[in-house]
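Secondary and tertiary structure notes
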Amino acid sequence: MELSKDLVAASATPIVLAILAQGENYGYAIIDQVRRLSEEQIQWADGMLYPVLHRLEKHGLIRSRMAHSNGRKRKYYRLTTSGSHALKRHREQWSIVHSTLSKLWRTAYVLCGSQNCRMA
Amino acid sequence: MFCVDRRIAEWRNGLAETGRFTAANLDELEAHLREKMEEFQHLPLSDEEAFLVASHRLGEKQDLTAEYGKVNSGLIWSHRFFWMIVGILAFAAMTALAGAVSSVLVAMGAYTGVNPKLLGFFASGIKAVVILAGLGFVLWACLAVRSGSTADRLTRGALIGLIAFLPVLFATRMLSPALTARVMGPSQYGQIALVMSYMSIGLTVLCYIAMIVLMLWLRKRSTGLTA
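Below you will find a few notes about this structure. (Residues numbered from 1 in each chain as written. Chains lettered and ligands numbered in written order. Predicted model: local features only at pLDDT ≥ 70, side-chain atom pairs only at ≥ 80, totals over all residues.)

What follows is about the overall build of chain A. If you tally the helices and strands in chain A, you get four helices and three strands. Looking at chain A residue by residue over its 120 residues, the buried ones come to 22%. Considering only contacts in chain A between residues 6 or more positions apart, those separated by 24 or more positions represent 47%. (Helix = DSSP H or I, 4+ residues; strand = E, 2+ residues; numbered from the N terminus. Buried ≥ 20, exposed ≤ 12 C-beta atoms within 10 Å, placed from the backbone. Contact = placed C-beta atoms within 7 Å.)

So this is what it looks like as structure tokens:
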């Protein structure tokens, strides 16, 4: 299933921050990780990641440096302290959304299980 | 035959000419594209197919341009200012060239003793032709920049040409009337100058009308393309 454009845009920042919280990384590997972790459910156009990274860098949430690895010049990004704080805030906010929706899905399930199914 | 490096360079130039990407942005995207293509190496894909799939994965040109445009908003204006200055320089060069050509003609005519009024008409006509040719060149350059991958080279070459030629043109423009006036004497030179200044009224109006038409056409064309 493909995620809606709005949801992709909203979730990109916390996903990128959370991946960088595991350690320094570069664009190609970040996208690879997103694809694997989401079991191919989240498929960004690869090029769209970079504007997200640049915006985060502009806001001081991540920092970058050029480095050579396997004979390639790559731009590595890493989380800053304010990036860690931002990630924490994102996590709290997404937890609220997640727990609210989880409760609602359960109710919906109960309703659907009974005779008056409104969700069908 | 499909040449990977050339195809990648074309793809990169296509993005560069939108003015929404910095060189570092393009380096990063190109590195990503190449890495993606290498990933496909073990698949039974030709170089061309690998390029097509990898560039598709990176995203469509208009989506990338829109997203990078949001991040690099300052860049858009520096790109626009760059073109404005190119335009101002090109206009200065065009009028200087027209002036220089016509005044050299007048100087040559003065030496050979052509009728001053006729010389005035002729020089003004040549001036008009040079200006129209200049506008035609600008038009051609606009089209070449829009559709070709040679935009970068064209601009760099044209800029160097402009900067090198402007002083020569201005010097010719300034010196040849003085020379002509000395050769012909003030009264005959006055006749040429009179004819040329009457002609230049019409010429200036025509030139501005042509520029306005060109501007409206380009505006329609560019808004149609970037909408």
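Moving on from the coordinates now.
Now for helix α1 (residues 5-21) of chain A. Residue and element names in this part refer to chain A. With 17 residues, α1 extends 25 Å from end C-alpha to end C-alpha; this agrees with the ideal 24 Å at 1.5 Å per step. Where α1 bends most, at Ala12, the angle is about 35°, and the proline Pro14 comes one to four residues later. At the C-terminal side of α1, Gly23 shows a positive phi close to 140°. (Expected span 1.5 Å × (residues − 1). Bend = angle between axes of the 7 residues up to and from the residue.)

As a further point, take the environment of Val101 of chain B. Residues and elements named next belong to chain B. Tracing the chain through its elements places Val101 in helix α5 (residues 73-112). C-beta crowding within 10 Å serves as the criterion here: with 19 such atoms nearby, Val101 is assigned to the partly exposed category. Sequence separation of Val101 and Ser176 is 75 residues, and the distance between their C-alpha atoms is 9.7 Å. With residues up to four places along the chain from it excluded, the contact list for Val101 reads Ile126, Lys127 and Val130.

Attention now moves to the interface of chain B and chain A. With 15 residues of chain B at the interface, the matching set in chain A holds 14 residues. At the level of elements, α2 (23-39), α3 (47-58) and α4 (61-71) of chain B are the ones that each hand at least two residues to the side of chain B that touches chain A. In terms of residue class, the side of chain B that touches chain A is made up of six nonpolar, three polar and six charged. (Nonpolar A, V, L, I, M, F, W, Y, C, P; charged D, E, K, R; others polar.)

Turning our attention to unusual backbone geometry. Residue and element names in this part refer to chain A. At Glu39, a position not held by glycine, the phi torsion is positive, near 50°. Mapping Glu39 onto the fold places it in the loop between α2 (27-37) and α3 (49-58). We note that Glu40 has phi near 65°; this positive angle belongs to a residue other than glycine. Relative to the assigned elements, Glu40 resides in the loop between α2 and α3.

All names here are of chain A. As a packed pair, α1 and α3 sit with axes 10 Å apart at the nearest point and diverge in direction by 70°. Accordingly, the angle class assigned to the pair α1 and α3 is roughly perpendicular. Residues Ala12, Thr13 and Val16 of α1 touch α3, and the partners they reach there are Val52, Leu53 and Leu56. (Axes fitted to C-alpha atoms, helices over the stretch in contact; angles between N-to-C directions. Parallel < 35°, antiparallel > 145°, perpendicular 65-115°, else oblique.)

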